[in-house]
Amino acid sequence: DSGVTQTPKHLITATGQRVTLRCSPRSGDLSVYWYQQSLDQGLQFLIQYYNGEERAKGNILERFSAQQFPDLHSELNLSSLELGDSALYFCASSWGQGESPLHFGNGTRLTVT
Amino acid sequence: DQQVKQNSPSLSVQEGRISILNCDYTNSMFDYFLWYKKYPAEGPTFLISISSIKDKNEDGRFTVFLNKSAKHLSLHIVPSQPGDSAVYFCAASEGSGTYKYIFGTGTRLKVLA
């Protein structure tokens, strides 16, 4: 158990809809990362927050947004969903300073129909 | 532009033998490298990391080698066990400043009993 909790585990929704994925980091970790994995592809970096502030951005679509709250949990909002957004979305956390490994949750599988 | 590449999508090894997984990178600013193991329906699990100031790091059956001049790292697993069968991802980070962790596309390792 990595200590990173992601909810929900599975999400099925229709095109055009909006969903929110939630992540609780490991105790003591200040940084949260979001990654997308589509169909046996690699992990694509979306966005990183550190102690409530956005720190780094990857290939995140404008339809997607995220935030980290004062209690350090994070939410990833996906709107105007398209079929191609179907993927596994992973959250990871780390201490956030210097060289510290990421610890991943078990992901949310999003299916857009 | 794939900054971290794992050119072998799959690898099969006999139980008890050495497994060698390879990873190449293009960004000379990367200074922290990690290996992760992923089982189906789970998030990636951190295995081992190495800083660019070292060329080798060992943890039990796992050893990571870094060749900075070749921009190449490898993970050695000795001896390989059937439970090691999983997808292995390498990742790299620029460390100070961006803290983005870029992942390769993964290598599926199968250890044959």
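Notes on the structure follow. (Residues numbered from 1 in each chain as written. Chains lettered and ligands numbered in written order. Predicted model: local features only at pLDDT ≥ 70, side-chain atom pairs only at ≥ 80, totals over all residues. Heavy atoms only, no water.)

## Overview of the overall build of chain A
Regarding its fold elements, chain A presents zero helices and 11 strands. Going from N to C terminus, chain A has its helices and strands arranged as β-β-β-β-β-β-β-β-β-β-β. Rg of the C-alpha trace for chain A: 13 Å, near the compact-globule value of 13 Å for 113 residues, within the 12% margin. Each of the three principal axes of chain A carries a C-alpha extent, and together these read 40 × 25 × 25 Å. Considering chain A as a whole, with its 113 residues, one finds that 52% of them fall into the buried category. Taking all contacts inside chain A whose residues are at least 6 apart in sequence as the whole, residues at least 24 apart take part in 54%. Here chain A contributes 8 positively and 11 negatively charged side chains, and the mean placements of these two sets differ by 4 Å. (Helix = DSSP H or I, 4+ residues; strand = E, 2+ residues; numbered from the N terminus. Rg over C-alpha atoms; globule rule 2.2 N^0.38 Å. Buried < 20%, exposed > 50% of the residue type's maximum accessible area, 1.4 Å probe, protein only. Contact = heavy atoms within 4.5 Å. Lys, Arg positive; Asp, Glu negative; His and termini not counted. Charge placed at Lys NZ, Arg CZ, Asp CG, Glu CD.)

## Quick look at unusual backbone geometry
With the exception of glycine, most residues fall at negative phi, and the peptide bonds are largely trans. At the junction of T7(A) and P8(A), the peptide bond is cis and its omega measures out at -10° in the coordinates. The residue P8(A) is located in the loop between β1 (5–7) and β2 (10–13) in this model. Cis rather than trans, the peptide bond between V78(B) and P79(B) has omega equal to -15°. You can see P79(B) is positioned in the loop between β8 (72–77) and β9 (86–93). Positive phi outside glycine occurs at N51(A), with the angle close to 50°. The backbone of L72(A) sits at a positive phi, close to 80°, despite the residue not being glycine. Within the secondary structure, L72(A) sits in the loop between β7 (64–68) and β8 (74–78). Classification of L72(A) as buried rests on a relative accessible area of 16%.

## Here's the deal with a nonpolar patch on the surface
There is a patch of nonpolar side chains on the surface, built from I18(B), I20(B) and V78(B) and spanning about 220 Å² of accessible area. Looking at where I18(B) falls in the secondary structure, it is placed in the loop between β2 (10–14) and β3 (19–25). (Patch = residues over 30% accessible without salt bridge, like charges linked within 9 Å, V, L, I, M, F, W, Y side chains within 5 Å. Areas by Shrake-Rupley, 256 points an atom, 1.4 Å probe, with all protein chains shown as cover. Salt bridge = Lys/Arg side-chain N within 4 Å of Asp/Glu carboxyl O.)

## Observations regarding the sheet that holds β1(A)
Residues and elements named next belong to chain A. Read from one edge to the other, the open sheet built from four strands follows the order β1-β3-β8-β7, with strand pairing classed as antiparallel. Lying at the two open borders of the sheet, with one neighbouring strand each, are β1 and β7. Strand after strand, the sheet turns through a mean of 15° between neighbouring axes, direction not considered. (Pairing = 2+ DSSP bridges. Axes fitted to C-alpha atoms, helices over the stretch in contact; angles between N-to-C directions.)

## Here we look at the pairing of strand β4 (residues 31–37) of chain A
Residue and element names in this part refer to chain A. Of all seven residues that make up β4, seven are buried, and the element is covered over most of its length. Going residue by residue along β4, you find S31, Y33, Y35 and Q37 tucked away on one face and V32, W34 and Q36 tucked away on the opposite face as well. The pairing of β4 with strand β5 (residues 43–50) spans seven bridges and is classified as antiparallel. When the bridges of β5 are listed, Y35 appears paired with F45. Of the strand pairs in this sheet, β4 and strand β9 (residues 87–94) are connected by seven bridges, and their pairing is antiparallel. Paired with V32 across the bridge in β9 is S93.

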